[in-house]
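Listed below, chain by chain, are the residues.
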Amino acid sequence: MYRDRRTPLHRAPAWSKMLGLAVGAVVVFQLNGPVPMAIAATTALALLVSTLPTPRATLRGGTTLAVFAAFGGAYHWILGDASRGTEIALRAVTIVLAALAVNTSTSADDTLNVFLRLARPFRRWLPTAAIGLMFSLVVRSIPEGARILSQSRSAARARGFSRSPRAILVPTALRTVGFALSVGDAITARGLADFNVEDRR
Amino acid sequence: MIEFRGASVVAPDSGAPILLPTTLTLTEQRVTIIGANGSGKSTLARLINGLAVPVEGQVLVDGLDTRKHGSRVRRRVGFLFTDPSSQLIMPTAIEDVMLSLRRTVRSKDERIKAAFQALDDIGLGDKANVSVNSLSGGQRQLLALAGVLSATPSIVVADEPTTLLDLRWKAHVGALLYALPIQLIEVTHDLEAAIKAQRTLVVDEGAVVFDGNPVDAVAHYRDLMYRKSVGERA
């Protein structure tokens, strides 16, 4: 979702945004009642809008969020506690909007630097660069995993096994391992594994 | 300069030979490697970057042993894979190139400038902030190449870089690779591309069975494949 912009949040150091997000999440969990939660949600929305996000990506992230928040809220509404339902839905909305604001205004390069700095005191024992890289890889692997699953499902359907979970899950698992091995090779080939060794020296 | 000195590779689990002891020196700017699937040509290419290390013998790049000096060798040798999806790690194009630059460029501003330049040079300047998942196969391969070139290697090893691309991208990526002012070692099934090199190696059953003029190498390879297919039918 990150876009290079010149907004105040883009200019703020990555560590301060991450710290702000963590503190904000704690505060949001301390708030009670729909009105304070509505104010918090509006603030988070304003923060997100201030980062000038792309409408498409925001809509995609926002739709998933709306569905989850609606489910959480509806559950408490059904149980007869409308106020609690609204509060829970708004809390989820607030935290996700704030996280989106940080995500939209912070490049992966800056995020990586924060992880590297945090792990720096432990560099004698921990592969700090690898830890930073790991977070990027997790984000990168999600759409790739979804693509592999979708292809395995299509292949199973084409062979007439659309109702067999094994016909979908086994190739998905094997291809995911294959993808992981290829990524490992690419990391080595790009010298990123060496970067980690050099970092520990 | 790349030197193979009796370098051989075996399968780690079964011990079956993948590449028989190979001795050769590659000094030409354009070298292609052709051969059937599973013949050992990719293993030969991977030895150059240190992705694979020989069980016997040595592979030297500019005098550096790939087994002992893997890190320094990889600074000199960039590697381009068949499927760029596994080579791209960061979420956007610019960030992926910046990742390649982390080792050589310490300042973030300099890194951004250099990454934009690398993307511009390859024709992806307008895709800098685009998610790598939104790029076409050809654009991804270009981005992977930009990542490789931004690290300023003196050699690029490309393992079937155009196999997954359509005709338009195949021609574009192929032309970019051949215009590089550095040494290019390309593994390929594209015989038209293979003959553009200055030297071609034909690999079969783990051995370099022909080494020389690309036109003669392709003729040798066609004959070899013809004899094999006749043998299989008989």
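Residues numbered from 1 in each chain as written. Chains lettered and ligands numbered in written order. Predicted model: local features only at pLDDT ≥ 70, side-chain atom pairs only at ≥ 80, totals over all residues. Heavy atoms only, no water.

Undergrad: Could you give an account of the overall build of chain A, naming the residues involved and the relevant values?
TA: A tally of helices and strands in chain A yields nine helices and zero strands. Going from N to C terminus, chain A has its helices and strands arranged as α-α-α-α-α-α-α-α-α. Radius of gyration (C-alpha) of chain A: 21 Å, far over the 17 Å computed for a compact globule of 201 residues. With respect to the principal axes defined by its C-alpha atoms, chain A has extents near 55 × 55 × 30 Å. Among the 201 residues that make up chain A, the fraction classed as buried is 35%. A fraction of 71% describes how many contacts in chain A between residues 6 or more apart in sequence connect residues 24 or more apart. When the accessible surface of chain A is totalled, it reaches about 11,900 Å², and 69% of it is carbon and sulfur. (Helix = DSSP H or I, 4+ residues; strand = E, 2+ residues; numbered from the N terminus. Rg over C-alpha atoms; globule rule 2.2 N^0.38 Å. Buried < 20%, exposed > 50% of the residue type's maximum accessible area, 1.4 Å probe, protein only. Contact = heavy atoms within 4.5 Å. Areas by Shrake-Rupley, 256 points an atom, 1.4 Å probe, with all protein chains shown as cover.)

Undergrad: Which residues make up the pattern of salt bridges, and what are the values?
TA: Residue and element names in this part refer to chain B. For the structure on display, the rule yields 14 salt bridges over all chains. The partner of R5 in a salt bridge is E3, with the nearest N and O atoms 3.2 Å apart. The class for R5 is partly exposed, based on a relative accessible area of 41%. A salt bridge links E28 to R199, with the nearest nitrogen and oxygen atoms 3.1 Å apart. On the criterion of sequence distance, the pair formed by E28 in the loop between strand 2 (17-26) and strand 3 (30-35) and R199 in strand 9 (residues 199-204) is long-range, its members being 171 residues apart. A residue is classified by how much of its surface remains accessible, and E28, at 23% relative accessible area, is partly exposed. With a relative accessible area of 11%, R199 lands in the buried category. (Salt bridge = Lys/Arg side-chain N within 4 Å of Asp/Glu carboxyl O.)

Undergrad: An account of the interface of chain A and chain B is needed here, citing residue identities and associated values.
TA: Tallying the contact residues gives 30 residues for chain A and 32 residues for chain B. Sorting the residues of chain A by area buried against chain B places D109(A), R140(A) and R190(A) first, and these three jointly supply 26% of that buried surface. As a salt-bridge pair, D185(A) and R46(B) come within 2.7 Å of each other at their nearest N and O atoms. On the surface where chain A and chain B come into contact, there are six residue pairs in polar contact (both at pLDDT 80 or more). Where the side of chain A that touches chain B is concerned, the elements lending two or more residues are helix 6 (108-119), helix 7 (128-158), helix 8 (165-189) and helix 9 (192-200) of chain A. Tallying contributions element by element places helix 8 of chain A first for the side of chain A that touches chain B, with eight residues. The class makeup of the residues in the side of chain A that touches chain B is 14 nonpolar, six polar and 10 charged. (Buried area = accessible area lost by both parts, 1.4 Å probe. Polar contact = N/O pair within 3.5 Å; in protein donor to acceptor, adjacent residues only side chain to side chain. Nonpolar A, V, L, I, M, F, W, Y, C, P; charged D, E, K, R; others polar.)

Undergrad: Explain the side chain of T66(B) residue by residue, including any values.
TA: Among the secondary structure elements, T66(B) is positioned in the loop between strand 5 (64-65) and helix 2 (70-76). Here T66(B) is in contact with L47(B), I48(B), G50(B), V53(B), P54(B), V59(B), V61(B) and V73(B), once residues within four sequence places are set aside.

Undergrad: Quick one: what's the story with the environment of S71(B), residue by residue and with numbers?
TA: When you line up the elements, S71(B) lands in helix 2. Put simply, S71(B) and N49(B) are 22 residues apart on the chain and 9.4 Å apart in space, counted from C-alpha to C-alpha.

Undergrad: Requested: an account of the nonpolar core, with residues and values cited.
TA: Residues and elements named next belong to chain B. If you look at the biggest cluster of nonpolar residues, it comprises 31 residues, and the most contacted ones within it are L80, V97, L119, L143 and L177. Among the elements of the structure, helix 3 (93-101), helix 4 (108-122), helix 5 (137-150), strand 7 (155-159) and helix 6 (167-178) are those that each provide at least two residues to this core. The element that contributes the greatest number of residues to this core is helix 5, accounting for six residues. The contact partners of V97, leaving out residues within four places of it in the chain, are A115, A118, L119, L143, A146, G147 and S150. Counting residues in each nonpolar core, the second largest holds 30 residues, with F4, A7, L26 and F79 among its members. (Core = buried A, V, L, I, M, F, W, Y, C linked by side-chain atoms within 4.5 Å.)

Undergrad: Give a detailed account of the sheet that holds strand 1 (residues 2-10) of chain B, specifying residues and quantitative values.
TA: Residue and element names in this part refer to chain B. Spatially, four strands are ordered 2-1-4-5 in an open sheet, and the strand pairing comes out antiparallel. Of all strands in the sheet, those with a lone pairing partner are strand 2 and strand 5, marking the two edges. The pairing of strand 1 with strand 4 (residues 56-61) spans five bridges and is classified as antiparallel. Bridge pairing links E3 to L60 in strand 4. In the packing of helix 1 (residues 41-49) onto the sheet, contacts are made with strand 1, strand 2 and strand 4, and the angle to strand 1 comes to roughly 120°. (Pairing = 2+ DSSP bridges. Axes fitted to C-alpha atoms, helices over the stretch in contact; angles between N-to-C directions.)

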